[in-house]
Amino acid sequence: MSIKTVFAGFLLALIIAVPIGVLIGLSPTLKSAFNWFIQIFKPVSPVVWYLLVFMIIKTILIDSSEDSSFIISFISVGLCSMWATLVNTLWACHL
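Residues numbered from 1 in each chain as written. Predicted model: local features only at pLDDT ≥ 70, side-chain atom pairs only at ≥ 80, totals over all residues. Heavy atoms only, no water.

UniProt, in its Subcellular location (unreviewed entry) section for the chain, records the words "Membrane". (UniProt positions renumbered as here; feature names shortened; annotations may be inferred.)

Turning next to the overall build of the chain. When its secondary structure is counted, the chain shows 4 helices and 0 strands. Reading the helices (α) and strands (β) of the chain from amino to carboxyl end gives α-α-α-α. Expressed along its principal axes, the backbone C-alpha trace of the chain runs to roughly 50 × 25 × 20 Å. When each of the 95 residues of the chain is scored for burial, the buried share is 28%. Counted over contacts in the chain with a minimum sequence separation of 6, partners at least 24 positions apart contribute 76%. Of the accessible surface of the chain, which amounts to about 6300 Å², a share of 76% is contributed by carbon and sulfur atoms. (Helix = DSSP H or I, 4+ residues; strand = E, 2+ residues; numbered from the N terminus. Buried < 20%, exposed > 50% of the residue type's maximum accessible area, 1.4 Å probe, protein only. Contact = heavy atoms within 4.5 Å. Areas by Shrake-Rupley, 256 points an atom, 1.4 Å probe, with all protein chains shown as cover.)

Turning our attention to the nonpolar core. One finds Ile38, Val53, Leu79, Met82, Trp83 and Leu86 to be the most contacted residues of the largest nonpolar core, which totals 14 residues. Counting only elements with at least two residues in this core, the list comes to α1 (2–26), α3 (46–60) and α4 (69–94). It is α4 that contributes the most residues to this core, 7 residues altogether. Dropping the residues within four chain positions of it, Leu86 is found in contact with Ala17, Ile20, Gly21 and Ile38. (Core = buried A, V, L, I, M, F, W, Y, C linked by side-chain atoms within 4.5 Å.)

Once that is clear, we can look at the packing of aromatic side chains. Under the definition given, this model contains 8 aromatic pairs. Judged by centre distance (5.9 Å) and plane angle (35°), the rings of Phe41 and Trp49 are tilted. Ring geometry for Tyr50 against Phe54: centres 6.3 Å apart, planes inclined by 25°, an arrangement best described as stacked. Here Tyr50 and its partner Phe54 are both found in helix α3, 4 residues apart, which amounts to about one turn of the helix. (Phe/Tyr/Trp six-rings, centres within 6.5 Å; stacked < 30°, edge-to-face > 60°.)

Let's shift gears to α1. For α1, built from 25 residues, the straight-helix expectation of 36 Å at 1.5 Å per residue is met to within 8% by its first-to-last C-alpha distance of 35 Å. Along α1, the helix axis deviates most sharply at Ala17, where the bend reaches about 30°; the proline Pro19 sits within four residues downstream. Where α1 is concerned, the buried positions are Thr5, Ala8, Gly9, Ala13, Ala17, Gly21, Ile24 and Gly25. (Expected span 1.5 Å × (residues − 1). Bend = angle between axes of the 7 residues up to and from the residue.)

Moving on: the UniProt feature "transmembrane region" (unreviewed entry) in the chain. Under the local residue numbering, the UniProt record ascribes the feature "transmembrane region" (unreviewed entry) to residues 6–26 and 70–93. Taken end to end, residues 6–26 is 100% helix and 0% strand, and its first and last C-alpha atoms sit 29 Å apart. Taken end to end, residues 70–93 is 100% helix and 0% strand, and its two terminal C-alpha atoms sit 33 Å from one another.

Listed below in C-alpha cells is the structure:
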C-alpha cells in the first residue's frame, strides 16, 4: 500500500508540475513572475505539508466515516515531490 501511495502521489506531482514547469521554463516573463512563489514553497518541510493536508481533509470530510489516510498521504506525497519536479522541469526547459 505504501508503494501505491507514493506512486500515486508522484504521478499527481508529474501531472501538475511538468506542464507548469514547461510553461514557466519557456517564458522569461512567467519565470520572473513565479520565481518568488516557487522559492517560498520549495523548502517547506514534508511534515508541514502533511499536517496542512491532514487538517484540510479532516475538515472537509467531517461527517464522513470513511478512511481518509490514503487521500491524505497521496496529496502530501504529491505536494512534497511537486516542487522538486517543477524546479527540475523549469530548468530543463530553460536550457
